[in-house]
Structures are given as C-alpha cells and as structure tokens.
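Fold and contact review
Spelled out from the first residue to the last, the chains are:
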Amino acid sequence: MEYFNMKRKMVIIALVILGNIWMTTGAIGAPNKKGVVTFNSLLNEMIDKDAITQYPDPYYTFIQFSSYDRRSTAINDSTWFANSDSDHFIRMEEKGDRKEYVLMETDGPGSIVRFWLTGNNHGSGMLRIYLDGEDQPVIEEKLLDFISKNEIGAPLSSSISPKTGYMRRGHNLYLPIPYAKGCKVTYEWRAKGQDEYLYYCINARSYKKGTKVESFEKEMIKANDALIQRVNSVLLNNEDKAIAKGRVFDLPVGIGEEKSIKVEELGAAVSKISVRIKGADLKRAYRDIILKCSFDNEETIWCPIGDFFGTGYELHSSQTYYTTVEEDGTMSASWIMPFQKDCKISFENIGNVDYRVVGDVVTKPYEWTDNSMYFHCTWKQFTQLSTGDNKARIGYGGCFDMNFVTLTGKGVYVGDAITLFNTSLGGHWKSWWGEGDEKVYLDGESFPSIIGTGTEDYYGYAWCEYNPFNHPYLSQPIGGGNFKFDMTVNMRYRGLDAMPFSKSLKFDMEMWHWTKTKLNFAPTTFFYMLPGGEDNIEPDYDGAKAKLAFGRFDILIPEPENGLLEGENLRPVGQEANTYGYYGDEVSGGVALIWNRGRENDYRTFEFYADNNAQAKEIAFQSINKNGIYEITVNGEKTITWDSNSTEKTVELTGISLKRVNQICFKLVSKKDPKKESDIIVDYLMIK
C-alpha cells in the first residue's frame with residue numbers, strides 16, 4: 001500500500017486543522033446550490049457513497065473522447081482491432097502562429113470528470129480548456145503539469161505506479177470541471193511538427209438539456225482548497241463517518257455447504273463486509289468460497305470471494321476507496337448495498353477442503369426512494385483462452401472482443417476487475433497481453449460510443465508496467481503477468497465517472513495479445529440497477545472450479561497442434577536457467593524457445609506429449625551467436641548433432657517413434673570459441 005502510506009503523511013496536518021470543522025458541519029466549502037450542478041457539489045458527491053446508489057437525477061450520459069485508432073470504423077472488419085492509438089484528434093485549429101489540436105468538444109451542460117494520458121516524450125506542450133464558447137481558455141497550462149502535478153494534490157491529481165519512471169506512468173486527474181453550455185479541450189505540441197505519441201482519454205458527463213450547471217473558474221480551486229483536501233483525505237483513507245452497526249460472524253463452511261447471515265431491517269443498507277478465511281489448506285480458498293448476496297429475495301451477487309475483494313485467487317494486499325485487502329488475509333468492501341426489507345449474505349464452499357469464514361457485516365440507516373438501486377456483481381472466467389496468432393499492429397492475427405457483461409434495464413456501471421494468468425515466456429515486450437481497448441455500447445448503440453486505447457490505459461497505468469500500485473479508484477496489487485508467465489490483477493472503480501444507462505449497457509474488452517498462447521482471464525463487474533434489471537452472466541461454477549494457474553503448464557498442454565509442437569510449449573524438466581522466449585517474425589508463430597549462456601556439457605531437458613506410435617519428422621532451429629555444437633536426444637536415444645553455425649535450420653528426422661509422454665534433451669557438446677556465448681533457439685518439432 002505504498003501509495004497510500006506516502007500520501008497519508010502529506011495530509012496529516014490538514015486533517016488536524018480540518019477535523020473539528022468536519023465533525024461540527026459534516027462538509028467543507030461553499031454550500032451546494034439546490035438544483036444546480038457546481039464544482040462544489042461534484043466534489044461533495046465524490047465522498048458521498050450513497051449518491052452512487054441513486055439513479056442519476058439530473059440524468060447524464062457518460063461520454064469519452066480518446067486517441068483510439070480511427071481506422072476502427074466497422075465492427076469485425078479488417079481494421080476493427082487497429083492498434084495505433086496515439087495522436088488522433090478531432091481536428092486541428094490554427095490560432096495565429098500556433099496550432100491547437102482538439103481533444104474534446106461537446107455542446108450543452110456537463111462536466112469533465114476524469115482525464116488520463118501517457119505517451120512518449122509527451123505532455124510538455126500547452127493544454128487549453130475553453131468553456132461555454134468563450135475565446136479565452138479557463139485553463140492554460142502545460143498538459144502534464146495540470147494532470148498529474150496539479151496544486152490540488154493526490155489522489156485527485158496523481159501518476160501511477162510511483163515505482164515506475166515518471167514518463168512511463170499513467171497520469172490521472174479526477175478534478176471535476178463543470179460547464180453550462182459546452183467545452184472544448186485543445187493541445188499545442190511542445191515543438192512544431194514534432195509528434196509526441198500522445199495517448200489520452202477524457203471522461204465527461206453530458207447532462208440532459210435544461211440542467212443548471214455553474215461553470216468552472218480557475219479561482220474555484222483556491223476558494224475550495226479545504227474541500228479539495230477533505231476529498232483527498234476521504235478517498236485515501238476510505239473514511240466513513242456514518243452511524244453504523246456491525247454483526248460479527250464465525251461460520252464453519254464444510255465441503256459442499258452454504259452458510260448465511262440474514263439481516264432484516266427496514267431503512268438500511270450494508271455499508272461494509274469484512275471477511276477472513278481460515279483453514280488448514282488455503283491454496284484454493286479464494287476461489288472455493290463463493291460470495292452470494294440477495295436483497296429483498298433477489299440474488300444480485302455471485303462471485304468467488306477473492307475476485308470480489310480484488311485479490312484474485314492469491315492474497316495480494318491492496319487499498320482502494322471501496323476495497324481493502326490486508327496482509328493478514330482480512331478483506332473488506334465498503335460498497336453501499338441498500339435494501340427495502342432484508343438481505344442475505346451467503347458463503348458457499350465448492351471445494352474439497354473445509355473452511356471457516358469469519359468477519360462482520362456492517363449496516364447503516366438508508367432511505368429507500370424510487371431512484372434507489374440494488375448493488376450487483378458478476379464473475380466469469382475465460383478458461384484456457386486461445387489468444388489468436390502472432391499479431392501485427394494493424395490488428396491482424398485473430399484479435400476478438402470479450403464480453404464482460406451485458407445489462408438490460410436502468411442502472412449505473414461502477415467498476416470492474418480482472419484476474420488473469422499469462423502463459424507467455426518472458427524476455428520481450430511481445431509477451432504483453434493487454435493491447436485491447438474497452439468498447440462500451442450504451443442504450444442499444446450499434447457502434448460503441450466509448451472506445452479506449454489499451455487495457456492498461458483503461459486501468460489507469462501505462463506501457464504494460466508490472467509495478468504494483470494503489471489509488472482510490474485504481475489498483476494493480478500484482479502485475480507479474482504483464483511481461484512473463486504469472487498472475488496480474490487490475491481494478492478500476494468509478495465515482496463521478498460512473499456510467500448510467502436507461503435501457504442497456506454492453507461492456508466488451510478486446511483480447512489483443514501480441515503472441516499466440518493461452519491464458520485464464522476472469523472479469524468481475526460491479527453495477528447498480530433499479531429493481532427488475534437483468535444481466536447475461538450465469539453463475540460460472542465450471543470456471544470457479546477450474547484448475548488454478550500457478551505456472552505455465554497449469555494452462556498449456558505440451559502437445560502438438562495440427563502436427564506442430566512449438567518450441568516455446570516444451571515443458572522444462574529440472575534445470576531451466578537461461579531459457580526464455582525468443583520473439584521474432586522469422587520463427588514459427590513469432591515466438592520460440594531460446595537457451596543461451598550454457599557451458600560445455602550443460603544440458604536442458606523438456607517434456608512433451610504425443611499420440612502413442614506417432615513419429616517425430618522434423619525439428620527446426622535458429623541461433624544468434626552461431627557458436628555451439630549441440631547433441632539432441634529423444635527419450636534417451638541420441639538423435640542428431642546440430643552445429644549452430646550451419647545454414648541448415650530444419651533437420652529431417654527418421655525412425656523416431658514417440659510415446660504418450662516424451663523427453664527431449666539439448667546438450668552443449670562444445671563451443672567453437674570458448675570465450676563467446678552460445679545459444680540454441682528451438683523453433684518447432686513436427687510430429688505425425
């Protein structure tokens with residue numbers, strides 16, 4: 001929780017000064033103007049968790065302006081997955097001797113609610129924000145300084161991960177900028193004619209016609225400094241001053257059992273659930289225990305417990321505005337979950353081990369209205385998901401859209417999380433899985449009005465970075481799977497950037513992995529809906545019971561596909577130092593297995609499967625240093641000797657019958673130059 005620990009020190013003085021004011025008034029800053037959307041009212045909405053449980057009034061449409069590749073114009077055509085997602089703008093305007101590129105333009109009342117950006121040599125040019133058709137900008141500052149070095153402080157203005165070099169971070173601004181008649185955002189390059197590879201996403205609310213909005217003025221920042229720092233503090237510390245009462249529980253949940261807590265209370269909402277799982281063997285516990293919640297006899301939550309709290313199926317500490325996972329295994333969620341008469345919180349054990357679930361459920365007073373909504377959560381897993389073939393930046397190679405959830409009715413989409421295990425060998429940026437963009441269809445749209453610039457961009461960071469981070473709305477407790485075979489967990493929760501819908505919402509994410517491989521990919525979605533709303537996700541017991549991936553071959557099977565066993569899919573047996581992925585267009589599928597830095601008489605052994613009595617027909621090699629002579633044996637029998645300096649890259653094999661389980665061994669017999677490195681790249685083995 002490094003992000004939060006650093007920032008707590010920064011706000012402690014402000015807390016001392018503001019504490020007495022808060023306890024006596026409950027709010028800071030100018031009073032909200034009734035019936036008018038203001039800078040002040042939006043800031044207060046950010047720290048009012050009840051607000052998001054109400055269907056919006058005044059209603060607004062969520063809109064997004066991003067730098068996505070404009071070649072994506074027709075669903076599933078040849079350029080639908082085009083991936084050059086930087087430096088795309090609405091148009092260029094000349095104003096005197098300067099050129100301003102328009103990032104966002106919209107008419108009518110609304111508010112910017114989030115700004116994300118990254119790039120290469122980006123952000124030192126000039127940002128200008130024009131409101132209500134005025135010629136003079138209300139904001140005129142260097143782009144990067146305004147977004148992530150803003151005087152308002154963190155977390156409203158921040159960059160993540162703090163462990164990543166500053167220019168490689170995702171830069172996030174959550175400062176609301178309301179406008180009465182319209183908004184235009186422009187950017188002027190830092191140097192004429194010099195591209196910056198600027199990636200950006202601007203989220204805004206577009207209020208219905210007639211909504212009264214007080215437009216932002218820059219002076220409002222200083223005038224509302226106390227409120228801004230109060231918002232920073234509440235978001236960082238997940239504070240809740242509401243009167244609440246808790247119910248402590250300690251439930252033994254045996255194999256195949258389901259235990260429940262029933263709350264019967266008028267005018268109430270669950271405001272916090274805290275859970276800790278105990279047992280002799282917790283390896284599968286965070287997937288074995290299913291959290292199920294019903295409100296007024298309507299089940300709206302079905303989710304493996306680890307995914308619900310944002311830790312996946314392993315324990316990884318994190319803290320956001322809505323969730324906390326502590327190192328001792330305590331997991332908490334503070335979504336407000338209202339009900340009219342009663343609720344039931346259940347824990348189902350689908351595993352083969354007995355557990356105890358201990359914790360408490362906290363409720364607080366809540367006034368149910370015609371706009372009150374039930375809290376929902378869905379989960380499913382794409383198990384052993386094939387990622388398509390080796391990709392080109394245009395998107396050729398088998399990309400596809402994954403549906404996270406489709407909703408029918410009225411509601412508000414408030415966040416999602418993903419838990420995945422990547423099986424790509426490390427050693428190259430092409431092991432990255434997340435080039436895919438989010439595509440959101442609101443209220444029956446035939447073309448998505450929301451298209452992003454990459455999965456990591458959607459989750460607030462940038463450049464595939466694996467460093468962990470925590471932010472009130474964004475978190476990556478583990479990112480090991482971003483560049484190699486390992487797990488990654490990403491979360492994005494929403495406040496002012498929540499997405500309302502009046503008829504339907506369809507949320508898709510592109511599966512855009514650079515290489516051909518397989519992975520497990522489990523999205524969790526969070527949303528509120530008015531009674532009667534429906535989603536398309538059924539309880540995924542098969543996905544929850546699937547084998548957990550802790551290594552590549554918990555997902556991959558080392559066997560040929562269409563007669564070809566790719567070198568990277570050979571399973572190491574014993575020593576595997578200095579073996580990793582070799583990525584290049586000259587090898588089959590764009591990736592192969594490389595072993596380098598070997599010493600004479602060193603060897604590496606690998607296992608693979610085949611049909612009984614199948615024949616090994618051909619093996620293909622490459623080499624970078626061309627300095628070694630290798631002996632290859634199959635099932636203990638010498639097969640060939642290969643000179644890596646040879647121009648012969650494929651070797652025909654004869655008389656090699658295989659079993660169901662086989663071993664192939666590569667031994668470095670000698671080096672031509674003892675002082676130089678040697679390597680062998682195993683491209684593929686042909687089996688018939």
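Look up a bit, the structure's there.
Described in the following lines is the structure provided in the data block. Quick caveat, the model's predicted, so the values are computed rather than measured.

Calculation notes
Residues numbered from 1 in each chain as written. Predicted model: local features only at pLDDT ≥ 70, side-chain atom pairs only at ≥ 80, totals over all residues. Heavy atoms only, no water. Helix = DSSP H or I, 4+ residues; strand = E, 2+ residues; numbered from the N terminus. Rg over C-alpha atoms; globule rule 2.2 N^0.38 Å. Buried < 20%, exposed > 50% of the residue type's maximum accessible area, 1.4 Å probe, protein only. Contact = heavy atoms within 4.5 Å. Areas by Shrake-Rupley, 256 points an atom, 1.4 Å probe, with all protein chains shown as cover. Lys, Arg positive; Asp, Glu negative; His and termini not counted. Charge placed at Lys NZ, Arg CZ, Asp CG, Glu CD. Pairing = 2+ DSSP bridges. Axes fitted to C-alpha atoms, helices over the stretch in contact; angles between N-to-C directions. Disulfide = S-S within 2.5 Å. Salt bridge = Lys/Arg side-chain N within 4 Å of Asp/Glu carboxyl O.

Attention shifts here to the overall build of the protein chain. Helix and strand content of the protein chain: nine helices and 48 strands. Against the globule reference of 26 Å for 688 residues, the protein chain gives a C-alpha radius of gyration of 28 Å, in line with a compact fold. Principal-axis analysis of the C-alpha atoms places the extent of the protein chain at approximately 85 × 70 × 50 Å. Per-residue burial over the protein chain gives 60% buried out of 688 residues. Intrachain contacts of the protein chain at a sequence separation of at least 6 include 78% that bridge at least 24 residues. Counting only carbon and sulfur atoms, one obtains 48% of the accessible surface of the protein chain, whose full area is about 26900 Å². Of note, the protein chain has its 78 positive side-chain charges centred 3 Å away from the centre of its 94 negative side-chain charges.

Backbone hydrogen bonds are what pair the strands of a sheet, in a parallel or an antiparallel way. Pairing is antiparallel across the open sheet formed by five strands, whose spatial order is E39-E42-E47-E44-E45. The strands lining the two open edges of the sheet, one partner per strand, are strand E39 (571-573) and strand E45 (637-643). Sheet twist, expressed as the average angle between the axes of neighbouring strands with direction ignored, equals 30°. Across seven bridges, the pairing between strand E44 (residues 628-634) and strand E47 (residues 661-671) is antiparallel. Paired with Ile629 across the two strands is Ser670, which belongs to E47.

This next bit is on the state of the cysteines. A full pass over the atoms with the stated rule returns zero disulfides. Distance from the sulfur of Cys303, which forms no disulfide, to the nearest cysteine sulfur (Cys377) is 4.0 Å.

Under the criterion given, the structure shown has 32 salt bridges. With its nearest N and O atoms 3.6 Å apart, the salt bridge here joins Lys439 to Asp401. Linking Lys439 in strand E29 (residues 438-442) with Asp401 in strand E27 (residues 400-408), this pair joins segments that are 38 residues apart in sequence. Residue Asp401 is classed as partly exposed on the basis of its relative accessible area, which comes to 23%. In this structure, Asp508 engages Lys506 in a salt bridge whose closest nitrogen and oxygen atoms are separated by 3.7 Å. For Asp508, a relative accessible area of 5% translates into the label buried. Judged by relative accessible area, Lys506 falls into the partly exposed class, the value being 32%. Counted as one network, the salt bridges with shared partners bring together Arg98, Glu100, Arg128, Glu140 and Glu188.

Here the focus is the pairing of strand E9 (residues 170-173). Residues Gly170 and Asn172 line one face of E9 and the alternating positions His171 and Leu173 line the opposite face, and both faces are buried. In the sheet, strand E8 (residues 157-160) pairs with E9 via four bridges, with the strands oriented antiparallel. Residue pairing across strands places Ser158 opposite Asn172, the latter belonging to E9.

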